[in-house]
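# Chain and residue survey
If you want the building blocks of each chain, they are given just below.
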Amino acid sequence: MKESNMNITIQFFQRDLIPAIGAGIYEISVYKNDESRVLYIGESVFVLVRCASHLYELNKDPKYFGFTEETIRDSDVKLKFRLLEKVNKRDLRKKREKELIKEKAPLTQSGISDYQKSVEDKISALTSFLNSSFTNI
């Protein structure tokens, strides 16, 4: 599969790059016109490496996070990666990740454990958010 023409802005752990080298729980949010929604919450023993992998997959196939060929080119869209919590113990990390998923209801996750929605449902959820984010004129 060919790489996408990504034109969205990526904000990659701007304030917490060094802490993200270790274990913890992270959040990927999508922003458009000063509105935002949580797109995905995950956990990893190496947060920075895991999130770089997410970016690689997104670039390879925009549907990975619910983008389409059109929405991935929208320069008004920003993806922000940030560390939510540093948690070293895997069982505590998994438990807290599930709590945060339930609490924040990420657009691409089903709410059942850490499962992702189907590709069609991810695209529908993200497109709905992006289309509802109007500029205040």
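Just above, that's the structure.
Below is a short write-up of the structure. (Residues numbered from 1 in each chain as written. Predicted model: local features only at pLDDT ≥ 70, side-chain atom pairs only at ≥ 80, totals over all residues. Heavy atoms only, no water.)

### Quick word on the packing of aromatic side chains
One pass over the structure, following the stated rule, counts 6 aromatic pairs. Seen from their ring centres, Phe-12 and Phe-13 are 5.0 Å apart, and the 80° between their planes marks the pair as edge-to-face. Classification of Phe-12 as partly exposed rests on a relative accessible area of 26%. Judged by its relative accessible area of 1%, Phe-13 is buried. Three or more aromatic residues joined by ring pairs make a cluster, and in this case those are Tyr-26, Tyr-40, Tyr-64 and Phe-65. If you follow Lys-78 out to its NZ or CZ, it ends over the ring of Tyr-31, 5.0 Å from the centre. Over the aromatic face of Tyr-64 sits the side chain of Lys-122, whose NZ or CZ is 5.9 Å from the ring centroid. (Phe/Tyr/Trp six-rings, centres within 6.5 Å; stacked < 30°, edge-to-face > 60°. Buried < 20%, exposed > 50% of the residue type's maximum accessible area, 1.4 Å probe, protein only. Lys NZ or Arg CZ within 6 Å of the ring centre and 35° of its normal.)

### Looking at the side chain of Asp-16
In this fold, Asp-16 is placed in the loop between strand 1 (9-12) and strand 2 (24-32). Arg-82 provides the closest opposite charge to the buried, unpaired Asp-16, separated from it by 6.2 Å. Separated by 2.9 Å, the side chain of Asp-16 and the backbone nitrogen of Leu-83 make a polar contact. Among residues more than four places away in sequence, those in contact with Asp-16 are Arg-82 and Leu-83. (Helix = DSSP H or I, 4+ residues; strand = E, 2+ residues; numbered from the N terminus. Lys, Arg positive; Asp, Glu negative; His and termini not counted. Salt bridge = Lys/Arg side-chain N within 4 Å of Asp/Glu carboxyl O. Polar contact = N/O pair within 3.5 Å; in protein donor to acceptor, adjacent residues only side chain to side chain. Contact = heavy atoms within 4.5 Å.)

### Observations regarding the pattern of salt bridges
For the structure on display, the rule yields 11 salt bridges. Glu-57 serves as the salt-bridge partner of Lys-60, at 3.4 Å between the closest nitrogen and oxygen. Highlighted residues: Lys-60 and Glu-57, both in helix 1 (residues 47-60), separated by 3 residues, approximately one helical turn. By relative accessible area, which is 33% here, Lys-60 ends up partly exposed. Of the residues examined, Glu-57 reaches a relative accessible area of 24% and is grouped as partly exposed. With a shortest N-O distance of 3.4 Å, Glu-97 and Lys-94 are connected by a salt bridge. Of the two residues, Glu-97 and Lys-94 are both situated in helix 2 (residues 90-104); the distance of 3 residues between them amounts to about one turn of the helix. A residue is classified by how much of its surface remains accessible, and Glu-97, at 2% relative accessible area, is buried. What you see here is one network of salt bridges that share partners, running through Glu-43, Arg-93, Lys-94 and Glu-97.

### Re the sheet that holds strand 3 (residues 35-44)
Ordered by their spatial adjacency, 4 strands build an open sheet running 1-4-2-3, and the pairing between neighbours is mixed. Only two strands of the sheet have a single neighbouring strand rather than two, namely strand 1 and strand 3. Neighbour-to-neighbour, the strand axes of this sheet turn through a mean angle of 20°, independent of strand direction. Here strand 2 pairs with strand 3 via 9 bridges, running antiparallel. Looking at strand 3, one finds that Tyr-31 is bridged to Ser-36. Relative to the sheet, helix 1 contacts strand 1, strand 2, strand 3 and strand 4 (77-85), its axis offset from that of strand 2 by approximately 40°. (Pairing = 2+ DSSP bridges. Axes fitted to C-alpha atoms, helices over the stretch in contact; angles between N-to-C directions.)

### A word on a nonpolar patch on the surface
A surface patch of nonpolar side chains, amounting to about 290 Å² of accessible area, comprises Leu-17, Ile-18 and Ile-21. Structurally, Ile-21 is set in the loop between strand 1 and strand 2. What makes Ile-21 partly exposed here is its relative accessible area of 47%. (Patch = residues over 30% accessible without salt bridge, like charges linked within 9 Å, V, L, I, M, F, W, Y side chains within 5 Å. Areas by Shrake-Rupley, 256 points an atom, 1.4 Å probe, with all protein chains shown as cover.)

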